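Architecture at a glance
So the chains spell out like this:
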Amino acid sequence: MGSRTLVILGVVFVLVVMGLIALTLALTPENTHPAYDAAVRFMNAAGEGDEETALALLGADLQAYVAANCDSVTACIDDYTPPEWGDLIAAVYRRSRPDGLAWDVQLVATYEEGQGFAGVCIYHRMEEVADDEWRVMAWSGFVSCDDPDSGLSDLRRTDAVNRAP
């Protein structure tokens, strides 16, 4: 093969890789629907102790629940997870399904100790309060994804574990 052919192949390879990266970024679920993005931002803010961001992403009823039952959003979330799991590393979008105008969103979170592989399954009920402004209206889960009741159908029930409000 000549050097010109190698250069052409190299350029084609780089363009294909750049195209795949652009396609991945464009189709990443968190980037394709604002409800997914808001759910992920809420969970990561609460896990990092960013109370201002986390509280702003809650609907009014869930804000009232937090005020009545917890010292903070972070405290609510921390109470659901055993201390031996350690701190939240990150939560990412897993799956969702529409329910009328709302979205039922499941996240999977990774914690520092013992909950990295299977992850922790979390449910958020997301509703649009203004154009492209989504809020968490309910949550549940915060259980190992190995748990038989950790699926989206189970966690969206009103009697799901750690359901609020």
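See above for the structure.
Residues numbered from 1 in each chain as written. Predicted model: local features only at pLDDT ≥ 70, side-chain atom pairs only at ≥ 80, totals over all residues. Heavy atoms only, no water.

1. Structural notes on the overall build of the chain
From N to C terminus, the chain includes seven helices and four strands. Reading the helices (α) and strands (β) of the chain from amino to carboxyl end gives α-α-α-α-α-α-β-β-β-β-α. Of all 165 residues assigned to the chain, the portion counted as buried reaches 39%. Residue pairs at least 24 apart in sequence account for 49% of intrachain contacts in the chain once pairs closer than 6 positions are excluded. (Helix = DSSP H or I, 4+ residues; strand = E, 2+ residues; numbered from the N terminus. Buried < 20%, exposed > 50% of the residue type's maximum accessible area, 1.4 Å probe, protein only. Contact = heavy atoms within 4.5 Å.)

2. Re the environment of A60
Relative to the assigned elements, A60 resides in helix α5 (residues 60–69). For the pair A60 and M137, spaced 77 residues apart in the sequence, the C-alpha separation amounts to 7.7 Å.

3. Description of the environment of Y36
Looking at the secondary structure, you find Y36 in helix α3 (residues 34–48). Along the backbone, Y36 and M126 are 90 residues apart, and their C-alpha atoms lie at a distance of 8.2 Å.

4. Structural notes on a nonpolar patch on the surface
Together, M1, L6 and L9 give the surface a local cluster of nonpolar side chains, amounting to about 360 Å² of exposed area. Along the chain, L6 turns up in helix α1 (residues 3–27). (Patch = residues over 30% accessible without salt bridge, like charges linked within 9 Å, V, L, I, M, F, W, Y side chains within 5 Å. Areas by Shrake-Rupley, 256 points an atom, 1.4 Å probe, with all protein chains shown as cover. Salt bridge = Lys/Arg side-chain N within 4 Å of Asp/Glu carboxyl O.)

5. Remarks on the nonpolar core
In a soluble, globular protein the nonpolar side chains are often hidden away together inside. The biggest cluster of nonpolar side chains holds 36 residues, and the ones touching the most others in it are F42, M43, M126 and W139. Of all the secondary-structure elements, those providing two or more residues to this core are α3, α5, α6 (73–80), β1 (88–99), β2 (102–111), β3 (120–130) and β4 (133–144). In terms of residue count, the dominant contributor to this core is α3 (nine residues). Counting residues in each nonpolar core, the second largest holds seven residues, with V108, C121, C145 and L152 among its members. (Core = buried A, V, L, I, M, F, W, Y, C linked by side-chain atoms within 4.5 Å.)

6. Regarding unusual backbone geometry
Residue P165 is reached from A164 by a cis peptide bond, and omega for that bond is -20°. Residue position: P165 is located in the segment after α7 (152–155). The phi dihedral of D132 is positive, around 60°, even though this residue is not glycine. Among the structural elements, D132 can be located in the loop between β3 and β4.

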